[in-house]
Amino acid sequence: CILSFARIRCIVMRIQILHKDVCGMTAAIRAKQRGAEQVILLEASSELGGNAVYAPVPLLNPEQLTEDAIEKEYLEMMQFTDWTSDPRIVRTLLENSARIPAWLEESGADLKEGEKDGKLAAFLIAKCYELGVDVRLNCYAKKILKDANDWCSGVWVEQDGKHEEIEATVVVLA
């Protein structure tokens, strides 16, 4: 979920994938850190964080990235989600997780005590608001909009019974 962005207007949209809330918030934070002038985070529920508020997210350091450790974490994460998560996404998350703690610490997270339930989600939520991410709760993306050349040009959303077309230079599904 650590993405590179130029100076762009950006929408970060959430869809149902493993650690969707962590990925969406991380993408929004990274876009703002890379200079995006406007980032809109669409969240279908009434609060940010989702399952990440209640569940720990594994933060493996490079020394822990053995095949056995990855397999153990993989099985735990798949069981936690009742095997509904995409196995490829879970493995990619675990295989690349060694980069996560460094980025979090560079972004201001205090990970000295280790990861605790909800600590990562709480940090990411606070960081989104601190950086000025436009968080829209109870907001459902209904359709990806395309221009005449078939390029993505925004999102059609529903919020509080009202519909809105949001134009964007970039739409990130996270």
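Quick notes on the rules
Residues numbered from 1 in each chain as written. Predicted model: local features only at pLDDT ≥ 70, side-chain atom pairs only at ≥ 80, totals over all residues. Heavy atoms only, no water. Helix = DSSP H or I, 4+ residues; strand = E, 2+ residues; numbered from the N terminus. Buried < 20%, exposed > 50% of the residue type's maximum accessible area, 1.4 Å probe, protein only. Phe/Tyr/Trp six-rings, centres within 6.5 Å; stacked < 30°, edge-to-face > 60°. Lys NZ or Arg CZ within 6 Å of the ring centre and 35° of its normal.

### Overview of unusual backbone geometry
Excluding glycine, residues mostly have negative phi values, and the peptide bonds linking residues are mostly trans.
So, point 1. One non-glycine residue, aspartate 82, lies in the positive phi region at around 55°.
So, point 2. Structurally, aspartate 82 is set in the loop between α2 (67-80) and α3 (87-95).
So, point 3. Taking relative accessible area as the criterion, aspartate 82 reaches 61% and is therefore assigned exposed.
So, point 4. Although it is not a glycine, aspartate 160 adopts a positive phi angle of roughly 50°.

### Topic: the packing of aromatic side chains
So, point 1. Counted by the stated rule, this structure contains one aromatic pair.
So, point 2. Taking the centre distance of 6.5 Å and the plane angle of 80° together, the rings of tyrosine 74 and tryptophan 83 count as edge-to-face.
So, point 3. When its relative accessible area of 9% is taken as the criterion, tyrosine 74 is described as buried.
So, point 4. Across the ring face of tyrosine 74, the terminal group of arginine 91 is positioned such that the distance to the ring centre comes to 3.8 Å.

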